[in-house]
Amino acid sequence: MITIPHKAKQFLVFSVKLLIVVGAFYFIYNQLASNDKLDWDKFLVLFHKNQSVAGISFILFFSFLNRFFEILKWQNLAQVVKAISVNEATKQVLAALTLGVFTPVGVGEYAGKALYFDKKDTKKIIFLNLICNGVQIVATGIFGILGMMLLGYWLWSFGIIAITIAFFLFSYFTKKIKIKGYSIEDLIEKINEIPKKIHRKNLILGFCRYLVFSHQYYFLFLAFDVDLPYSTLMATITTVYFLASIVPSFQFLDFALKGSLAIYFFGLLGVNEWIVVFVTMLMWFLNVVLPVVFGSYYVMIFKVSPQSTR
């Protein structure tokens, strides 16, 4: 067995961490620099017109709350393996976000969190992260279908509901069938092993997080002088988020995907395309780019624990 010298191992780990950080920022820069729909002149004019310390602080507070609820969710679920502090949960969530920003459907996020735990707990951490993200999918689906109904897309709504019911019925009747040693029944048993109070807290925090970032989207549209009824604006926002969540994508393509859907749906309401693009870009910047900046610090100071390699 080949033994890697300690210095060489340190250099290798540092190189990987640096590559992750540089890669994350390259994709962020590429998204901002290559989008020809971003009219910065119009944005600056409107920004100078409506800027206020209170307004900017208000929007930034929503970004803080959005990520804070995610941190609390992870702290709540991680206790199934071991209790962690809010500070430790913050470190794990932000570092994992940075690692997952340029991986398909955020796969790197799962690996990022697992690195902070014993190797023997890797499967548990991946499973808990699925539960953590799963509650956001549930919230997005519920509010998204309600939004589509409010906008009058009844056929789409009932079609999605019918497909969902069919999927659950199929899962129920095939729950004992094993694929590579696992079945849906096994999955349900593992979910039930987690205490109900943890599930309840996860559900509450997940729905709170959804309400925070969807309303941040709403208030940004108000800041750009979009005058639409609350119900119409929120229904369109929830519809865009729901349809974007159905399509698997890279985190760094999230901006482009949501932007394309938002342009279409808000265009039907008469909202200028450049406003839609900038609001979507700001949401991406505030809720992905800023956390990645902090997460990059945690990636760079990460030290491989002997426990994580057992």
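Computed from a predicted structure; not experimentally measured.

Focus: the overall build of the protein chain
Okay, so step 1: What the protein chain contains, in helices and strands, is twelve helices and zero strands.
Okay, so step 2: N-terminal to C-terminal, the α/β element order of the protein chain is α-α-α-α-α-α-α-α-α-α-α-α.
Okay, so step 3: Expressed as a percentage of the 310 residues in the protein chain, the buried residues total 45%.
Okay, so step 4: Across the protein chain, every contact between residues at least 6 apart in sequence was considered, and the portion connecting residues at least 24 apart equals 74%.
Okay, so step 5: Of the roughly 17,300 Å² that the protein chain leaves accessible, carbon and sulfur atoms contribute 71%.

Side note on the confidence of the model for the protein chain
Low-pLDDT portions of the prediction should not be read for the details of their coordinates.
Okay, so step 1: Residues at a pLDDT of 70 or more form 75% of the protein chain, whose mean pLDDT is 82.
Okay, so step 2: Confidence scores differ between elements of the protein chain, with helix H1 (residues 6-33) showing the lowest mean pLDDT of 54 and helix H9 (residues 196-223) the highest of 95.

Describing helix H6 (residues 122-150)
Okay, so step 1: The first and last C-alpha atoms of H6 sit 42 Å apart over 29 residues, in line with the 42 Å expected at 1.5 Å per residue.
Okay, so step 2: Gly152, located one to two residues past H6, shows a positive phi value of around 95°.

Observations regarding the pattern of salt bridges
Okay, so step 1: The final tally for this structure, using the stated rule, is six salt bridges.
Okay, so step 2: The salt bridge involving Glu88 is made with Lys91; its shortest N-O contact spans 3.3 Å. Highlighted residues: Glu88 and Lys91, both in helix H4 (residues 86-100), separated by three residues, approximately one helical turn.
Okay, so step 3: Across the salt bridge formed by Lys113 and Glu109, the nearest N and O atoms sit 3.4 Å from each other. Here the residue Lys113 and the residue Glu109 both occupy positions in helix H5 (residues 107-114), the gap between them amounting to four residues, near one helical turn.

Here's the deal with the UniProt feature "transmembrane region" (unreviewed entry) in the protein chain
Okay, so step 1: Taking the numbering used here, the UniProt-annotated feature "transmembrane region" (unreviewed entry) corresponds to residues 12-32, 52-69, 125-147, 153-173, 203-224, 230-248, 255-275 and 281-300.
Okay, so step 2: Counting secondary structure, residues 203-224 comes out at 95% helix and 0% strand; the distance between its end C-alpha atoms is 32 Å.

A few points about the packing of H6 against helix H10 (residues 230-246)
Okay, so step 1: At a minimum axis distance of 7 Å, the contact between H6 and H10 shows a crossing angle of 125°. Relative to H10, H6 is oriented oblique. The way H6 lies across H10 gives a crossing that is left-handed. From H6, Thr140, Gly141, Phe143, Gly144, Ile145, Gly147, Met148 and Leu150 reach across to H10, where they touch Ala235, Thr238, Thr239, Tyr241, Phe242 and Ser245.
Okay, so step 2: Classifying every residue of the contact of H6 with H10 gives seven nonpolar, seven polar and no charged.

A few points about the packing of helix H3 (residues 53-78) against H4
Okay, so step 1: Relative orientation of the contacting elements H3 and H4 amounts to 110°, with a least axis distance of 9 Å. Judged on the interaxial angle alone, H4 and H3 are roughly perpendicular. Seen along the crossing, H3 lies across H4 with a hand that is right-handed. Contacts from Arg67, Phe68, Glu70, Ile71, Leu72, Trp74 and Gln75 in H3 reach Val86, Ala89, Thr90, Gln92, Val93, Leu94 and Leu97 in H4.

Things to note about the nonpolar core
Okay, so step 1: Counting residues in hydrophobic clusters, the biggest one holds 35 residues, and the most contacted among them are Tyr217, Phe221, Ile237, Phe266, Val271 and Ile275.
Okay, so step 2: Elements with a minimum of two residues in this core: H6, H9, H10, helix H11 (254-268) and helix H12 (273-301).
Okay, so step 3: Not counting chain neighbours up to four residues away, the residues in contact with Phe221 comprise Val226, Leu233, Ile237, Phe266, Val271, Ile275, Val276 and Val279.
Okay, so step 4: With 22 residues, the next largest nonpolar core counts Ala78, Ala114, Ile125 and Tyr298 among its residues.

Comments concerning the packing of aromatic side chains
Okay, so step 1: Within the structure shown, the criterion is met by 24 aromatic pairs.
Okay, so step 2: Seen from their ring centres, Tyr153 and Phe265 are 5.9 Å apart, and the 90° between their planes marks the pair as edge-to-face. With a gap of 112 residues between them, Tyr153 in the loop between H6 and helix H7 (154-173) and Phe265 in helix H11 connect regions that are remote in the sequence.
Okay, so step 3: Assessed through its relative accessible area of 23%, Tyr153 is described here as partly exposed.

Remarks on a nonpolar patch on the surface
Okay, so step 1: Judged by side-chain polarity, Ile165, Leu169, Tyr172 and Phe173 come together as a nonpolar surface patch covering roughly 480 Å² of accessible area.
Okay, so step 2: If you trace the backbone, Ile165 turns up in helix H7.

The rules we used
- For every chain, the first residue of the written sequence is number 1, and numbering continues from 1 along that sequence.
- Under the rules for a predicted model, residues below a pLDDT of 70 receive no local features and side-chain atom pairs below 80 are neither given nor counted, while totals for whole chains, interfaces and linings still include all residues.
- Heavy atoms throughout the structure, all of them, feed into the side-chain values; hydrogens and water do not.
- For helices the rule is a DSSP run of H or I covering at least 4 residues; for strands it is a run of E covering at least 2, with both sets numbered from the N terminus onward.
- Residue exposure (1.4 Å probe, protein chains only): buried if accessible area is under 20% of the type maximum, exposed if over 50%, otherwise partly exposed.
- In this description, contact between two residues means that some pair of their heavy atoms is separated by no more than 4.5 Å.
- Shrake-Rupley sampling with a 1.4 Å probe provides the accessible areas, and residues are treated as covered by the protein chains on show and by no other component.
- Residue-level confidence of the predictor, termed pLDDT, takes values from 0 up to 100.
- Take the number of residues in a helix, subtract one, and multiply by 1.5 Å to get its expected span.
- For this document, the term salt bridge refers to a Lys or Arg side-chain nitrogen within 4 Å of an Asp or Glu carboxyl oxygen.
- UniProt positions are given in the numbering used here, feature names are shortened, and annotations may be inferred rather than shown by experiment.
- Orientation is described by lines fitted to C-alpha atoms, with helices fitted over the stretch in contact, and by angles between N-to-C directions that extend from 0 to 180 degrees.
- Here the word oblique covers every angle except those under 35 degrees (roughly parallel), over 145 (roughly antiparallel) and from 65 to 115 (roughly perpendicular).
- Whether a crossing is left-handed or right-handed is set by the direction in which the near helix is turned from the far one by less than a right angle, anticlockwise for left-handed and clockwise for right-handed.
- Residue polarity follows a fixed list, in which Ala, Val, Leu, Ile, Met, Phe, Trp, Tyr, Cys and Pro are nonpolar, Asp, Glu, Lys and Arg are charged, and the others, Gly among them, are polar.
- The criterion is simple. A nonpolar core is a set of buried Ala, Val, Leu, Ile, Met, Phe, Trp, Tyr and Cys residues joined through side-chain atoms within 4.5 Å.
- Any Phe, Tyr or Trp ring, taking Trp's six-membered ring, that has another such ring centre within 6.5 Å forms a pair; planes under 30 degrees apart are called stacked, those over 60 apart edge-to-face, and the others tilted.
- For patch detection, residues must exceed 30% relative accessible area and be free of salt bridges, and they are connected within 9 Å for like charges or within 5 Å for nonpolar side chains (Val, Leu, Ile, Met, Phe, Trp, Tyr).

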